[in-house]
Amino acid sequence: MTELRIAAVGDIHLGEDVRGQYRKSLDGIGDRADILMVAGDLTRHGTLEEGRVVADELRDLPIPVVAVLGNHDYHSDMQHEIASELRDAGVIVLNDDSAVIECDGTRLGVVGGKGFGGGFAGKCASEFGERETKNFVRHTRLIAESWQHALKEIDADRRVVLSHYSPIKETLEGEPLEIYPFLGSYLLAEAVDTAGADLILHGHAHRGTEKGMTSGGIRVRNVALPVLGAAYAVYCLADE
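Predicted model only: the values in this text are computed from it and were never measured.

Notes on the packing of helix 3 (residues 48–58) against helix 5 (residues 79–88)
Running from N to C, helix 3 and helix 5 point in directions that differ by 20°, and their axes come no closer than 9 Å. The orientation of helix 3 relative to helix 5 falls into the category roughly parallel. Between helix 3 and helix 5 the crossing geometry is right-handed. Contacts between helix 3 and helix 5 involve L48, G51, R52, V54, A55 and L58 from the first element and E81, I82, E85 and L86 from the second. Looking at the contact of helix 3 with helix 5, its residues break down into six nonpolar, one polar and three charged.

Description of the environment of G28
Mapping G28 onto the fold places it in the loop between helix 1 (21–25) and helix 2 (29–32). Accessibility expressed as a relative area gives 32% for G28, which makes it partly exposed. Linking G28 and L61, residues 33 residues apart in sequence, is a C-alpha distance of 9.6 Å.

Details of the nonpolar core
Core analysis: the largest hydrophobic core is formed by 52 residues, its most contacted members being I6, L36, M37, V38, L58, L86 and L201. With residues up to four places along the chain from it excluded, the contact list for L86 reads L42, V54, A55, L58, L69, V91 and V93.

Digging into the sheet that holds strand 5 (residues 97–103)
As summarised here, the arrangement of the six strands in space is 5-6-9-10-12-11, forming an open sheet in which the pairing is mixed. Since the sheet does not close on itself, it has two edges, and those belong to strand 5 and strand 11 (211–213), each with one partner. Going across the sheet, the axis of each strand differs from the next one's by a mean of 25°, ignoring polarity. Here strand 11 pairs with strand 12 (residues 219–222) via three bridges, running antiparallel. Of the residues in strand 12, the one forming a bridge with M213 is R219.

As for the UniProt feature "domain: Calcineurin-like phosphoesterase" (unreviewed entry) in the chain
Under the UniProt annotation, the feature "domain: Calcineurin-like phosphoesterase" (unreviewed entry) is placed at residues 4–207. When the span residues 4–207 is considered, its composition is 33% helix and 23% strand, and the gap between its end C-alpha atoms is 28 Å.

Cut-offs and rules
Residues numbered from 1 in each chain as written. Predicted model: local features only at pLDDT ≥ 70, side-chain atom pairs only at ≥ 80, totals over all residues. Heavy atoms only, no water. Axes fitted to C-alpha atoms, helices over the stretch in contact; angles between N-to-C directions. Helix = DSSP H or I, 4+ residues; strand = E, 2+ residues; numbered from the N terminus. Parallel < 35°, antiparallel > 145°, perpendicular 65-115°, else oblique. Left-handed = near helix turned anticlockwise from the far one by under 90°. Contact = heavy atoms within 4.5 Å. Nonpolar A, V, L, I, M, F, W, Y, C, P; charged D, E, K, R; others polar. Buried < 20%, exposed > 50% of the residue type's maximum accessible area, 1.4 Å probe, protein only. Core = buried A, V, L, I, M, F, W, Y, C linked by side-chain atoms within 4.5 Å. Pairing = 2+ DSSP bridges. UniProt positions renumbered as here; feature names shortened; annotations may be inferred.

Written as structure tokens, this is what we have:
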């Protein structure tokens, strides 16, 4: 039995004033992990300049890097340019799609994207009423549907979902209840439970809780840097 080691972090919020500092914390990561996953909010205000800092910090690491963008990375409407800078640096950027990475003989399938909000079962918005409300919830539903389709179609030994927004409320504990609808949606968890996965990674909730589980029994980890209190955490998937 081999073990796949996944390093993960979100909400690193880099800018020019801290250039080079996060990179130092990644020294030796190749000895500790087989892949690095970054769960969004790479920047502070989503500027291209900040995106270039992130690209330089993640460039030429000894292991593959997969990332999604977060709400901060969309703030300046430069999300496509930031994603392009990251891809030019060798980072795999997911946008509600998938990638398969060979990791020490294991085919790891990663599905995901930014995700979105709406709340959780029993305390959530629905596609009813004003157009703005319907559009809000529809956006999340379409994202969830794209993840479910990608998970069903991907050919891999192990499957991980990488998101910025949370799929469950348990990993939000510590955040004010009033903002839960803006931190995630149960629709994301339903989609993953339907298609199946080994692990879900997300960020966004700086005051949240690291560990949780979907109703279908899939492990969920909130890897926001303030939650981890470290440059990244490492999670292991056993491969028979």
